[in-house]
Amino acid sequence: MSAEAKPLSGLRVLVPRGGTWGDLVSKALRERGAHTVIAPLVDFAHTSEEDKLVDALAALEAGKFDWLTATSSTVADVLKHHNAVIHPHTSVAIVGEATAVAFTDAGYPITRTPSQENSTHALLDEWSEIDTDAVLKVLTLRSDVAIPVLTEGLMERGHDVTQVLAFRTVGVPASVHIREDIESGRINALLVASAKIAEEVAAQFPDIPVDTIVACVGVNTLEAAAELGLPADADDPSHPEYARKRALIETVESVIDQSDMLD
């Protein structure tokens, strides 16, 4: 496919997270014709539950959990930071390509990941071990702002779940050059991949040009963006940028699970 024929040709997209997540999203967008600018608007800080996390990781190393779950690549960073050891008898279930890459790069094993669709709901549907009579001890690690879809799904099935907020999500100010490129329209598409990122976009970029695509991924992100008044004109199928906006969103969703977009 020529550059001109690719669905995202002509877009210069702000990718609002770095690390494995940003690299995977940027690669997918470039393959479909976009230019990308990685400029993190969020970063990750130490959890408010540090003592609970340390205790949980000690129990993990001791083999007291049957399963560990993660839906964010940042969990692998947290494990590495704490020099965490996953007991050989503990299985690992993860969601999201970025999460898989981060766990593999960190040297941690992966037992189960959804095969049909990159989503938490797909993992719950395919995870045969959780639908037996056995009560499993599961450690779920997530962000302070993430909605605990996986945790709740496991608890509804009667499992013994220890959930720990492994990290906090905090805003990061964009550079002057990024702000200037957005205000001038040089960056003509903004990827908004979580409610927290929506807050940062609204606060940091009050003068988004009318022609700029603001692409929100995930129901929670859309709700937050609407409350914050972020532009949504290209959601109308009659809008001239509707097709490129849909292609942008679908490209991101193809590589990143929405649970990971919750930070």
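Up top is the structure these notes are about.
So, a few notes on the structure that sits alongside this text. (Residues numbered from 1 in each chain as written. Predicted model: local features only at pLDDT ≥ 70, side-chain atom pairs only at ≥ 80, totals over all residues. Heavy atoms only, no water.)

**Structural notes on the overall build of the protein chain**
- From N to C terminus, the protein chain includes 11 helices and nine strands.
- Relative to its length of 263 residues, the protein chain is compact, with a C-alpha radius of gyration of 19 Å against a globular reference of 18 Å.
- The principal-axis extents of the C-alpha atoms in the protein chain amount to approximately 55 × 35 × 30 Å.
- For the protein chain, restricting intrachain contacts to residue pairs at least 6 apart in sequence, the fraction spanning at least 24 positions comes to 71%.
- Of the roughly 12000 Å² that the protein chain leaves accessible, carbon and sulfur atoms contribute 49%.
- Both charge centroids of the protein chain, one from 20 positive and one from 41 negative side chains, sit 4 Å from each other. (Helix = DSSP H or I, 4+ residues; strand = E, 2+ residues; numbered from the N terminus. Rg over C-alpha atoms; globule rule 2.2 N^0.38 Å. Contact = heavy atoms within 4.5 Å. Areas by Shrake-Rupley, 256 points an atom, 1.4 Å probe, with all protein chains shown as cover. Lys, Arg positive; Asp, Glu negative; His and termini not counted. Charge placed at Lys NZ, Arg CZ, Asp CG, Glu CD.)

**Describing the sheet that holds strand 7 (residues 160–171)**
- With respect to topology, five strands assemble into an open sheet ordered 3-7-6-4-5, the strand pairing being mixed. The sheet is open, and its two borders are formed by strand 3 (42–46) and strand 5 (91–94), each paired with just one other strand. Sheet twist, expressed as the average angle between the axes of neighbouring strands with direction ignored, equals 25°.
- Both strand 4 (residues 67–70) and strand 6 (residues 137–143) contribute to a ladder of four bridges, which runs parallel. Residue pairing across strands places Trp67 opposite Val138, the latter belonging to strand 6. (Pairing = 2+ DSSP bridges. Axes fitted to C-alpha atoms, helices over the stretch in contact; angles between N-to-C directions.)

**Overview of helix 10 (residues 242–255)**
- Given a rise of 1.5 Å per residue, 14 residues ought to cover 20 Å, and the 21 Å separating the end C-alpha atoms of helix 10 matches this to within 8%.
- Listed in full, the buried residues belonging to helix 10 are Lys245, Ala247, Leu248, Ile249, Thr251, Val252 and Val255. (Expected span 1.5 Å × (residues − 1). Buried < 20%, exposed > 50% of the residue type's maximum accessible area, 1.4 Å probe, protein only.)

**Quick word on the packing of helix 1 (residues 19–31) against helix 4 (residues 97–106)**
- The N-to-C vectors of helix 1 and helix 4 enclose an angle of 125°; their axes lie 9 Å apart at closest approach. Between helix 1 and helix 4, the angle falls in the class oblique. Along this stretch, helix 1 crosses helix 4, giving a crossing that reads as right-handed. Along the contact surface, helix 1 presents Thr20, Trp21 and Leu24, while helix 4 presents Glu97, Ala98, Val101 and Ala102.
- Within the contact of helix 1 with helix 4, the residues separate by chemical class into five nonpolar, one polar and one charged. (Parallel < 35°, antiparallel > 145°, perpendicular 65-115°, else oblique. Left-handed = near helix turned anticlockwise from the far one by under 90°. Nonpolar A, V, L, I, M, F, W, Y, C, P; charged D, E, K, R; others polar.)

**A few points about the environment of Leu154**
- Mapped onto the elements, Leu154 comes out in helix 6 (residues 149–156).
- Residue Leu154 is classed as buried on the basis of its relative accessible area of 0%.
- Placed 30 residues apart in sequence, Leu154 and Leu124 show a C-alpha to C-alpha distance of 8.0 Å.
- Non-local contacts of Leu154, meaning those with residues more than four positions away in its chain, are made with Thr69, Leu124, Trp127, Ile130, Val138, Thr140, His159 and Val161.

**Here we look at the sheet that holds strand 9 (residues 213–216)**
- Pairing within the open sheet is parallel, and its four strands lie in the order 2-1-8-9. Strands at the two margins of the open sheet, each flanked by one partner only, are strand 2 (35–38) and strand 9. The mean angle between the axes of side-by-side strands here comes to 25°, regardless of whether they run parallel or antiparallel.
- Note that strand 1 (residues 12–15) and strand 8 (residues 189–192) share two bridges and pair parallel.

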